[in-house]
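# A closer look at the structure
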Amino acid sequence: MTQLRPAAELTVTDHGFLRDGRPHQIISAAIHYFRVHPELWEDRLRRLRAMGVNTIETYIAWNLHQPTPDRTEFSGPADISRFISTAGQLGLDVIVRPGPYICAEWEFGGLPAWLLADPELRLRQTEERYLAAVDAWFDELVPVLRPLLAGRGGPVVAVQVENEYGSYGTDTAYLDHLRQGLIRRGVDCLLFTADGATDGVLRGGILPGTLATATFGSRPKESLATLRRHQPAR
């Protein structure tokens, strides 16, 4: 496979996205590597590209990669690097949604079942046992993702912080812990959130109508302010 266009970082302005400094429209489709046999990854990605998609987004299923606390898998069906690299070689940008909670109609929302062995652990909040497990997981995951980021010549242009958390909770300290943890480990691409409806208004950290994988605020400037709070400083 030959890379059809060079990787370039994605930035945001008051008027929309820029990719390599040029106005850019994201046309994205979701494909979950953990639901497709690895030998079919390239075929499915080619089909999406033929439909006119320029970006694919995928969750990362923690429970697939860490079936036990002391075992981490990034090979075979869990070879996320191969999946993302294949997308990049086909000229597709990639948006990664690592959770740690992903929903995705996937068992336990992608959280590993072994978390439930500790009756004191509280999920998706600022709770030391849960955060310790998440931090240990990010210590394994982020080094795999780092070479794939756009700033390092890879196809990953954006990373989501948690998943639709505004529809679940209000623990902003938890979200900031995840955000800071990604940045501290070297994730320097665009960070964003995606949230559901509140009082009839859709909220999120992206401009309205430009990213199919998130839900968006009805007032662009407010949405942009949310995004910039999640964007790593340069």
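Now for a description of the structure that goes with this document. (Residues numbered from 1 in each chain as written. Predicted model: local features only at pLDDT ≥ 70, side-chain atom pairs only at ≥ 80, totals over all residues. Heavy atoms only, no water.)

## A few points about the sheet that holds strand β1 (residues 10-13)
Pairing in this open sheet of three strands is antiparallel, and the strands run β1-β2-β3 from one edge to the other. On the outer flanks of this sheet lie β1 and β3 (22-24), each paired with one strand and no other. Each strand of the sheet is rotated relative to its neighbour by a mean of 45 degrees, with strand direction disregarded. As paired elements, strand β2 (residues 16-19) and β3 share three bridges and run antiparallel to each other. Among the inter-strand pairings, Phe-17 is bridged to a residue of β3, identified as His-24. (Pairing = 2+ DSSP bridges. Helix = DSSP H or I, 4+ residues; strand = E, 2+ residues; numbered from the N terminus. Axes fitted to C-alpha atoms, helices over the stretch in contact; angles between N-to-C directions.)

## Overview of the environment of Leu-131
Relative to the helices and strands, Leu-131 is located in helix α4 (residues 128-145). Its relative accessible area of 9% is what places Leu-131 among the buried residues. With residues up to four places along the chain from it excluded, the contact list for Leu-131 reads Gln-125, Thr-126, Tyr-174 and His-177. (Buried < 20%, exposed > 50% of the residue type's maximum accessible area, 1.4 Å probe, protein only. Contact = heavy atoms within 4.5 Å.)

## Digging into the sheet that holds strand β4 (residues 28-30)
Read from one edge to the other, the open sheet built from five strands follows the order β4-β5-β6-β7-β8, with strand pairing classed as parallel. In this open sheet, the two edge strands, each paired with only one partner strand, are β4 and β8 (190-192). Within this sheet the neighbouring strands show an average axis-to-axis angle of 25 degrees, counted without direction. Where strand β5 (residues 55-59) and strand β6 (residues 93-97) come together, five bridges link them in parallel fashion. Within β6, the position partnered with Thr-55 by the bridge is Asp-93. Contacts from helix α3 (residues 80-89) reach β5, β6 and β7 (156-160) within the one sheet, and its direction differs from that of β5 by about 170 degrees.

## Points about the packing of aromatic side chains
Using the criterion set out here, one finds eleven aromatic pairs in the structure. Ring geometry for Tyr-33 against Phe-83: centres 5.8 Å apart, planes inclined by 40 degrees, an arrangement best described as tilted. Here the residue Tyr-33 occupies a position in the loop between β4 and α1 (41-50), and Phe-83 occupies one in helix α3, the gap between them amounting to 50 residues. Residue Tyr-33 shares its accessibility class with Phe-83, and that shared class is buried. On the basis of an interplanar angle of 10 degrees and a centroid distance of 6.1 Å, the ring pair of Phe-74 and Trp-137 is categorised as stacked. One end of the pair, Phe-74, is in the loop between α2 (62-65) and α3; the other, Trp-137, is in helix α4, and 63 residues separate them in sequence. (Phe/Tyr/Trp six-rings, centres within 6.5 Å; stacked < 30°, edge-to-face > 60°.)

## Remarks on the pairing of β6
Taking burial as the measure, the five residues of β6 include five buried ones, the bulk of the element. A crossover links β6 with its parallel partner β7, the connecting element being α4, and its sense is right-handed. (Right-handed = clockwise from strand over helix to strand, strands pointing away.)

## A closer look at the environment of Leu-18
Structurally, Leu-18 is set in strand β2. On a C-alpha basis, the gap between Leu-18 and Ala-8 in space is 9.6 Å, while along the polypeptide they are ten residues apart.

## Details of the nonpolar core
Membership of the largest hydrophobic core comes to 51 residues, with the highest contact counts inside it found for Ile-56, Phe-83, Ile-84, Tyr-130 and Val-156. If you list the elements that add at least two residues to this core, you get α1, β5, α3, β6, α4, β7 and α5 (172-184). With nine residues, α4 is the single largest residue contributor to this core. Sequence-distant contacts of Phe-83, defined by excluding residues within four places in its chain, comprise Ile-31, Tyr-33, Trp-41, Leu-45, Ile-56 and Thr-58. (Core = buried A, V, L, I, M, F, W, Y, C linked by side-chain atoms within 4.5 Å.)

## A few points about unusual backbone geometry
Gly-99 connects to Pro-100 through a cis peptide bond whose omega is 25 degrees. In this fold, Pro-100 is placed in the loop between β6 and α4. Here the phi dihedral of Glu-164 falls at roughly 50 degrees; this positive angle occurs in a residue that is not glycine. For Glu-164, a relative accessible area of 37% puts it in the partly exposed group.

Function-wise, these values are silent; they only describe arrangement.
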